[in-house]
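Here are the chains, one letter per residue:
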Amino acid sequence: MTSTHAFWLAGRQATGEDTFDVTSPWDGRLVGTVAVPTEDQVEEAVAAAHAVLDEFAATPAHVRAAALDHVSRRLVERTEEIARLISAENGKPLKWARGEVGRAVSVFRFAAEEARRFNGGDAQRLDTDAGGAGRLALTRRFPRGVVLGIAPFNFPLNLCAHKIAPAIAVGAPIILKPAPATPLSGLLLGELLAETDLPAGAWSVLPVPNDRMPALVQDERLPVISFTGSDKVGFAIMDSVPRKHCTLELGGNGAAVVLADYASEQDLDWAATRIATFSNYQGGQSCISVQRVIADASVYERLVPKVIAAVEAQVTGDPGDDATDVGPLVSEDAAKRVESWVDEAVRAGAQLLTGGKRDGATYAPTVLSEVPADVTISCEEVFGPVLTLRRVESETEAFEKVNESKYGLQAGVFTHDLQAAFRAHRALEVGGVIIGDVPSYRADQMPYGGAKQSGVGREGVRFAMDDYTYERVMVLTGLAL
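Residues numbered from 1 in each chain as written. Predicted model: local features only at pLDDT ≥ 70, side-chain atom pairs only at ≥ 80, totals over all residues. Heavy atoms only, no water.

## Topic: a negative patch on the surface
At step 1: On the surface, E17, D18, E39 and D40 cluster together into a negatively charged patch.
At step 2: Mapped onto the fold, D40 is located in helix 1 (residues 39-51). (Patch = residues over 30% accessible without salt bridge, like charges linked within 9 Å, V, L, I, M, F, W, Y side chains within 5 Å. Areas by Shrake-Rupley, 256 points an atom, 1.4 Å probe, with all protein chains shown as cover. Salt bridge = Lys/Arg side-chain N within 4 Å of Asp/Glu carboxyl O. Lys, Arg positive; Asp, Glu negative; His and termini not counted. Charge placed at Lys NZ, Arg CZ, Asp CG, Glu CD. Helix = DSSP H or I, 4+ residues; strand = E, 2+ residues; numbered from the N terminus.)

In structure tokens, the structure reads:
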């Protein structure tokens, strides 16, 4: 594994006065040493991004698309190397890390495709009223300004891609701040971008410590903030800059609903397998991992042992082993927090059906039932390999239980009933309803985001491009329409 020392300042490599180490959450080995930008270097990056704003917005679409295509191809060429880097710094099992690289490949490819067709004229005739005779409105979209992208640790490559690629596609300069625990994947994206012909200042990747972020957030030259992380931090950012345009992708405690018609043994086997896999993938460190299972009473007793067996079949261990399904959490502190929440629930009367054990940063895949509604694990996002089981008496009650959460990111509904699917789509207060599967499905081109405390705005390449831009109307006068 090659250590990464430099960061990317306005398209070039730079080093600062200080460094910090990135270590593996699995075995504590050194993965890389990262340079920290000084305050003067951060100022240089912001100034360069602000200065290049007009030039970059006017860059031909084919230039931006070619750069995005280049990154997509290079990610393919270096897939195994990058997957092992993700696994080393994040603790993610290789099978999931390879999948993350594949998704990032698609994000940059989608962005290249969208760059070629985005910002076309939308003409509207105005002579529908007498005062508009001879007039035509032409509407186009233009960047709001420089984007400050703040990425989390759980998808250290793909969620950086979701900040960078749409910004480049629309010609908006971006300053990316990767997570302190996992900066190496974001810095590698900088390495690939440096191979392109994008103008200097169009992008920077700055591993700025969290305690120095308030100044960047407040900087008026960065009018757009795209943040993925906790609801506490995200809403604090938005509250601190009420006049900025903020996109917040925040937490969730995803529910998987199993309705009464999903009753065959084959149905329940499928549901149990999907629930077990996606309550534990990424160590449960996904905003749309399965945290709550809400099953109709008519199928509950048959579903529970299937879920337990499927969870216990998950292979926990070294993330560098191809056979491993569940690796460590991002840190031992994270695992201790999950442990404390499970212990609290058990003390309050929850039944521990499997798991409930911690070994360093690794927490065993865990299933709880009879969980009181007021304990932390019922109310908050666990961000660990833990799921809870609840029995309900009807579809209506199931949907009510989903909506009791303060979060509303995505929900999964296992049903064959088309009418129930449409009822779920209408009733569930979430950003996405996945029928016949868990809430953990995300296609990177679809709109992705939440309701309530799960965030504001939408990602997904085209939708982020809309978010980074605004409509500007030009009215042409004296035309022979």
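## Observations concerning the pattern of salt bridges
Pairs may arise between side chains of opposite charge once their charged atoms sit close together.
At step 1: Within this structure, the stated rule accounts for 37 salt bridges.
At step 2: Of the charged contacts, one joins D69 and R116 as a salt bridge, the two residues approaching to 2.7 Å between their closest N and O atoms. Taken as a pair, D69 in helix 3 (residues 61-77) and R116 in helix 5 (residues 94-117) lie far apart in primary sequence, 47 residues in all.
At step 3: Using a relative accessible area of 49% as the deciding quantity, one classes R116 as partly exposed. (Buried < 20%, exposed > 50% of the residue type's maximum accessible area, 1.4 Å probe, protein only.)

## Some points on the sheet that holds strand 14 (residues 351-354)
At step 1: Strand order in this open sheet of 7 strands is 14-17-18-13-12-20-21, and the pairing throughout is mixed. Each edge of the sheet is formed by a strand with only one pairing partner; in this case those strands are strand 14 and strand 21 (432-435). On average, adjacent strands in this sheet sit at an angle of 25° to one another, irrespective of strand direction.
At step 2: In terms of strand pairing, strand 20 (residues 410-414) meets strand 21 through 4 bridges, oriented parallel. Within strand 21, the position partnered with V413 by the bridge is I435.
At step 3: The strands touched by helix 14 (residues 395-403) are strand 12 (255-258), strand 13 (292-296), strand 18 (386-392) and strand 20; relative to strand 13, the strand with the most contacts, the crossing angle is about 165°. (Pairing = 2+ DSSP bridges. Axes fitted to C-alpha atoms, helices over the stretch in contact; angles between N-to-C directions. Contact = heavy atoms within 4.5 Å.)

## Structural notes on the packing of aromatic side chains
At step 1: Evaluated as defined, the whole model comprises 6 aromatic pairs.
At step 2: When the ring of W96 is compared with that of F278, the centres are 5.8 Å apart and the planes differ by 70°; the resulting orientation is edge-to-face. Taken together, the positions of W96 in helix 5 and F278 in helix 10 (residues 265-280) put the pair 182 residues apart, joining distant regions of the chain.
At step 3: Ring centres of F278 and Y281 lie 4.9 Å apart, and the angle between their planes is 65°; on these two criteria the pair is classed as edge-to-face.
At step 4: You can call F278 buried: its relative accessible area is 12%.
At step 5: Here Y281 falls in the buried class, since its relative accessible area comes to 6%.
At step 6: A network of ring pairs unites the aromatic residues W96, F278 and Y281 as a single cluster. (Phe/Tyr/Trp six-rings, centres within 6.5 Å; stacked < 30°, edge-to-face > 60°.)

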